[in-house]
Each structure stands twice: as C-alpha cells, then as structure tokens.
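Per-entry structural report
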Amino acid sequence: MTDAPCTLVILGASGDLTKRLLMPSLLNLQEEGHLPQQFKLIGMAKDAMTQEQFQNHLGECIGQFATRTFKPENWQRLLQATDYLSGDLTSPDDIRRLAKMLEGSPNVLFYLAVAPSLFGPIADQLAAVGLNSEEGGWRRLIVEKPFGHDLKSAQELNARLQAHWKESQLYRIDHYLGKETVQNILAFRFANGLFEPIWNRKYIDHVQLTVAETVGVETRGKFYDKTGALRDMVQNHMFQMLAYIAMDPPNTFRAQAIRDRKMELISAIHTLSPEEVRRWVVRGQYGPGDSLPGYRQEEYVDKNSVTETFVAAQFHIDNWRWAGVPFFLRTGKRLPKKTAVLSIHFLPAPSILWRDTPAHNLKPNELLFHIQPDQGVELSFEAKVPGPSMDLQTVTMRFSYEQAFEVGRGTGYETLLYDAIRGDETLFSRADVVEAGWAAIQPILDVWQAEPAGNFPNYSAGSWGPAEADTLIRETHREWLNP
Ligand SMILES: NC(=O)c1ccc[n+]([C@@H]2O[C@H](COP(=O)([O-])OP(=O)(O)OC[C@H]3O[C@@H](n4cnc5c(N)ncnc54)[C@H](OP(=O)(O)O)[C@@H]3O)[C@@H](O)[C@H]2O)c1
C-alpha cells in the first residue's frame with residue numbers, strides 16, 4: 001500500500017451507497033492492510049448527527065452489510081479515523097466549513113455519493129473554495145453513475161467538471177470494472193499466448209453478452225422509470241465489458257494505454273441507422289407473473305410507462321479485426337436466472353470428415369466468461385463418447401475462481417477505492433470513452449423517443465424476454481446461449 005496519507009471525504013454519507021457498499025469495502029481494505037497508515041474518513045450529509053451518532057450508524061450498517069467476517073480491532077481502527085460534518089453540500093458556507101476541516105490534509109479523495117443532479121453543483125462548490133487545488137498534495141473526485149442520460153447531457157457534465165478539475169483528477173466509476181472476473185478478461189487475453197492469434201473474424205463467428213436479473217425494479221422505480229435498461233446497463237457496464245473482450249492489446253499496462261485502446265474500440269461501434277435500430281434492437285417490458293407485479297404496477301412507476309426493462313441488440317464493430325462479426329448484447333429484469341456471461345462462439349470445424357459418421361452435427365467451440373454470480377472461465381469442445389462407434393459429445397473444461405483461489409467475498413468497490421487512493425485511473429472511465437458510449441446508443445434513444453413502444457408489456461416474468469429477441473438472433477442462424 002502507498003504510504004502517502006489520504007483523507008477520503010464521502011459527500012452524501014448518510015445514503016444507501018455508503019452503508020451498503022462503501023463502508024463494507026473500506027472495512028475489507030482495512031482487513032487486508034490496504035488502507036494507508038495515515039487514513040482519515042470524513043462523512044458529510046445534511047442529517048444533524050454528531051461524530052458519535054455517525055459512528056453508531058456506521059456500526060449498524062456494517063452489522064447488516066459486511067461481506068465477510070472481520071477482526072473487531074480493524075473496524076475500531078476505521079471508526080477512530082472517522083469524522084462527520086453535518087451540512088448542505090450546495091451551501092458555500094458549509095463547504096467552507098469542510099475546507100477548514102481539511103486544513104492539514106495533503107491528499108484528499110472526494111466521493112460524490114449523491115444524486116447525479118448534484119455532481120456538477122457540488123464539484124463547482126468544492127472548486128470555488130479551492131478544494132480542487134493540488135498545491136501541496138493531490139485532490140481527486142470520484143463521480144458515481146449514471147454519468148449523463150444521453151450524449152448531450154454527458155458532454156455538458158464533462159464540460160462542467162473539466163471547467164475546474166483536470167481530467168487526471170476525475171475518477172468516473174463503472175463498478176463493473178471493479179469485478180475480478182471483468183479484469184480477468186484482460187489477463188486471459190493478454191497474459192496467454194494461446195488465444196490472441198485466434199481472437200478475430202477469421203476464427204470467431206460471433207460474441208454474446210447476457211446480463212440477466214431475476215428481480216424486478218424493486219425500490220428503484222423512481223430512478224429506473226426515467227432511465228431504462230439501455231441507459232442503466234448497455235451504455236456503461238456492457239460496453240465496458242465489450243471493450244475488454246474486443247479491444248486491441250495496449251502497449252503497456254498503464255492507464256493511458258488501456259484507456260486509449262478502449263476508446264478506439266468503443267468509438268468503432270457501428271452507428272446504427274434508424275432502420276438498423278428497428279431491425280437490430282429489441283426492447284421489452286415485463287408484465288405481471290405468478291403473484292408478482294408487472295413493471296407498470298411497481299411502486300413509483302408510471303401506470304402507462306414505456307420504459308424498457310429488457311434490451312437485446314446486435315452491434316457491429318467497424319474495424320479490421322471484427323468486420324462482419326456480430327456482437328449480441330442482452331439484458332433485462334425478471335428473467336429466469338441471475339447471471340452475467342460473456343461468450344465467444346468460434347467458427348465450426350469443417351464437417352466434411354464427419355459426414356458419414358453419427359457425429360455429422362459438430363458443435364462449434366464456445367469460450368464462456370462467467371462474470372457473476374458464478375465466477376470462472378469455461379471452454380467447450382467435442383470429445384469422443386467411449387464405445388465402438390464415433391459418437392461425439394460436447395464437454396467442458398472449467399476454471400473456477402472459488403476453487404483456484406482463496407477469495408473473500410467483496411462488494412466490487414474495494415479495488416476501485418484502492419486504485420483511486422493510489423492514483424491509478426485504469427479502471428475509471430475517461431471523458432471521451434463515456435461520450436463514445438453515449439454516441440453509440442444515441443441513435444437508439446432517438447428512434448425510441450420518436451416511436452414509443454406500443455406493445456408493452458411484452459414478456460412475462462421468468463421468460464428470456466420478448467419473442468422478438470429470439471427472432472433477432474435466429475434471423476442470423478444463431479441462437480442465444482441461455483446459461
Ligand atoms: N445505492 C446504491 O446501491 C448505488 C449503486 C451504484 C451507484 N449509486 C449511485 O451513488 C449515488 C448515491 O446513491 P445513494 O443510493 O446512496 O443515494 P441516497 O441514498 O439518496 O443518498 C444520497 C445522500 O446524499 C445526501 N444529500 C443529498 N443532497 C444533499 C445536500 N444538498 N447536502 C447534503 N447531503 C445531501 C442525502 O441526504 P438526505 O437524505 O438527508 O437528503 C443522502 O445521504 C447516486 O449517484 C447513485 O446513482 C448507488
């Protein structure tokens with residue numbers, strides 16, 4: 001761990017993110033000895049709490065949300081380093097009080113754990129009292145998601161933040177990049193000589209990415225009804241995973257090089273014409289199921305909502321490596337299984353040799369990256385079934401994280417906090433990468449806004465989405481992998 005002191009200021013510290021994810025992550029980092037020796041935590045929110053009341057509140061949160069067993073002395077150590085400031089984050093006077101409290105803290109990491117509408121105003125307030133100045137130490141600002149709600153708003157937010165903060169000070173979170181299994185995609189591709197030579201259109205038929213949830217919108221109706229699956233999942237998390245699976249190798253493992261390759265990839269996503277949006281993008285909304293409410297019956301959701309809870313799409317990447325290779329992305333709520341799986345579908349072996357045998361229907365090899373909740377990699381191939389005739393059967397080789405490594409369960413935010421403290425920007429989204437993601441889905445948003453869905457709800461709870469999603473892939477003579 002870096003020996004440099006660090007003060008982490010959580011702005012919006014009485015909220016859900018802090019209690020469910022940030023505090024358990026900090027505790028896990030403390031347990032593993034990954035927090036600096038001189039670490040301070042300041043929570044700031046409107047609630048009128050004393051330091052002691054805040055610490056008690058955090059104790060309750062940890063009781064409920066800690067992801068692993070921990071040593072009580074590590075929790076005590078974290079608590080002793082914790083302070084609280086009650087104040088309005090948009091009030092210049094209250095931000096000045098924060099600045100006073102930070103006097104003598106050379107390095108400060110601000111975490112915007114507030115609603116997105118406050119990202120710009122709070123960043124401005126911090127800068128107005130000089131808290132963006134790196135004289136005598138570093139200052140960094142972690143910005144939560146969602147980052148904008150379309151291309152224009154993302155560009156405006158970037159411009160507003162960059163007016164007072166250098167890009168190197170801005171850490172835009174995409175928590176999927178904190179997942180070990182997502183980072184392992186880079187290790188798998190670039191630390192093994194075997195796969196990269198076949199990682200292109202000559203050997204790969206197509207790629208699929210499914211991120212499925214069994215739950216509905218739960219308590220997030222207010223946010224979700226203005227957002228939908230395309231903005232909530234595709235533009236950010238799914239494109240980030242797509243970039244890792246498809247980008248060119250960077251020259252070094254430094255942040256700049258990796259982000260440059262990601263930028264190249266995401267900006268090469270084919271811009272869909274309105275006609276392609278209608279043909280290649282399917283939207284869905286779940287209806288009622290066995291004693292489960294439909295989306296329109298959920299709390300805070302408009303009774304006539306046309307917000308999508310499901311998207312399936314075919315994307316293409318306009319570059320030399322991937323010309324002609326479709327990338328099928330699918331995500332949704334109330335699907336049969338909670339899972340996130342990236343699969344590479346290789347071209348089949350020539351079947352000529354097998355035409356007169358019982359094994360004439362060769363199945364192409366598939367390489368699966370299980371992102372969550374299973375964590376591992378799986379390669380399927382054809383094997384001979386024991387016996388006198390040449391029967392083939394698909395078998396799998398599997399690497400499981402759980403079996404290979406001893407890993408304590410985390411929240412996924414540990415690596416991100418650790419990296420932000422160390423100043424490693426690799427896993428955070430750069431301004432141009434975020435905008436490139438929005439640029440790729442903007443044509444879909446435009447068509448959907450002009451042509452609201454007339455057939456919602458169009459899939460039932462527990463199914464794999466609307467029938468059109470199957471048609472989308474079958475028209476290309478392929479099938480969804482339903483893991
Ligand atoms: N919760 C999650 O699991 C999760 C996951 C991923 C990303 N995020 C993102 O993280 C951010 C925070 O989410 P959240 O769920 O923690 O929201 P939240 O529960 O609403 O918490 C927001 C916090 O900010 C405080 N706050 C709001 N306006 C303030 C002001 N003017 N001055 C001082 N404090 C103020 C709130 O205090 P009051 O209640 O007193 O106003 C509350 O403590 C959002 O951008 C969200 O999209 C959340």
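Residues numbered from 1 in each chain as written. Predicted model: local features only at pLDDT ≥ 70, side-chain atom pairs only at ≥ 80, totals over all residues. Heavy atoms only, no water.

1. Quick word on the environment of Ile 142
To be explicit about the condition: Numbered from the N terminus, helices here are DSSP runs of H or I no shorter than four residues, and strands are runs of E no shorter than two. Any pair of residues with heavy atoms lying within 4.5 Å of one another is described as a contacting pair.
You can see Ile 142 is positioned in strand S5 (residues 139-143). With sequence-adjacent residues up to four places away left out, Ile 142 is seen in contact with Leu 109, Phe 110, Tyr 111, Leu 112, Tyr 171, Ile 173, Leu 417 and Ala 420.

2. So, the domain arrangement of the protein
Convention followed: Either an automatic procedure or a domain database provided the assignment from which the domain bounds are taken. Buried area adds together the accessible area that both of two parts lose upon being put together, with accessible area traced by a 1.4 Å probe. In what follows, salt bridge is the name for a side-chain nitrogen of Lys or Arg lying within 4 Å of a carboxyl oxygen of Asp or Glu. Polar contact is defined as a pair of N or O atoms within 3.5 Å, subject to the rule that within protein one atom must be able to donate a hydrogen and the other to accept it, and that residues adjacent in sequence are counted only when both atoms are side-chain atoms. Polarity classes work like this: nonpolar for Ala, Val, Leu, Ile, Met, Phe, Trp, Tyr, Cys and Pro, charged for Asp, Glu, Lys and Arg, and polar for all others, with Gly in that last group.
With domains assigned, the protein is organised as domain 1 (6-144) and domain 2 (178-474). For domain 1 versus domain 2, the distance between C-alpha centres works out to 33 Å. For the domain 1 and domain 2 pair, buried surface summed over both sides reaches about 1,400 Å², with 71% attributable to carbon and sulfur atoms. Counting across the domain 1 and domain 2 interface gives 0 salt bridges. Counting every contact that joins domain 1 to domain 2 gives 7 residue pairs in polar contact (both at pLDDT 80 or more). Here the side of domain 1 that touches domain 2 gets 9 residues from one element, more than from any other, and that element is helix H1 (residues 16-31). Along the lines of polarity and charge, the residues of the side of domain 1 that touches domain 2 split into 14 nonpolar, 4 polar and 4 charged.

3. Topic: the sheet that holds S5
The following threshold applies: Here, a strand pair is defined by DSSP locating no fewer than two bridges between the strands. Inter-axis angles, ranging from 0 to 180 degrees, are taken between N-to-C directions of lines fitted to C-alpha atoms, where helices are fitted over the stretch in contact.
One open sheet holds the 6 strands; their spatial order is S3-S2-S1-S4-S5-S6, and the pairing between them is parallel. The open sheet has two free edges, formed respectively by strand S3 (82-86) and strand S6 (170-172), since each of these has just one partner strand. Each neighbouring strand pair of the sheet contributes to a mean axis angle of 20 degrees, computed without reference to strand direction. Pairing geometry for strand S2 (residues 39-45) and S3, over 5 bridges, is parallel. When the sheet's bridge partners are listed, Leu 41 is paired in S3 with Thr 82.

4. Description of helix H10 (residues 255-267)
For an α-helix, 3.6 residues make a turn, and residues three or four places apart therefore share a direction. Put simply, the rule is: Expected span of a helix: the number of residues minus one, times 1.5 Å. The buried label applies to any residue whose accessible area, calculated with a 1.4 Å probe on protein chains only, is under 20% of its type's maximum; exposed applies above 50%, and partly exposed to all values in between.
Taking 1.5 Å of rise per residue, the 13 residues of H10 would be expected to cover 18 Å, and the 18 Å separating its terminal C-alpha atoms lies within 8% of that figure. The complete set of buried residues in H10 reads Ala 255, Ala 257, Ile 258, Arg 259, Arg 261, Lys 262, Met 263, Leu 265 and Ile 266. Summarising the contacts, the buried residues of H10 are in contact with helix H7 (180-190), helix H9 (228-246) and helix H14 (431-450).

5. A look at the sheet that holds strand S7 (residues 204-212)
An order of S8-S9-S10-S7-S11-S12-S13-S14 is seen for the 8 strands of this open sheet, with the pairing classed as mixed. Whereas interior strands pair on both sides, the edge strands pair on one side only; in this sheet they are strand S8 (281-284) and strand S14 (392-400). Strand-to-strand twist across the sheet, computed as the mean angle between neighbouring axes with direction ignored, equals 15 degrees. On the sheet, H7 packs against strand S11 (339-346), strand S12 (366-372), strand S13 (376-384) and S14 and is oriented at approximately 145 degrees with respect to S12. Here H9 sits on the sheet in contact with S7, strand S9 (310-315), strand S10 (327-332), S11 and S12, set at roughly 140 degrees to S10.

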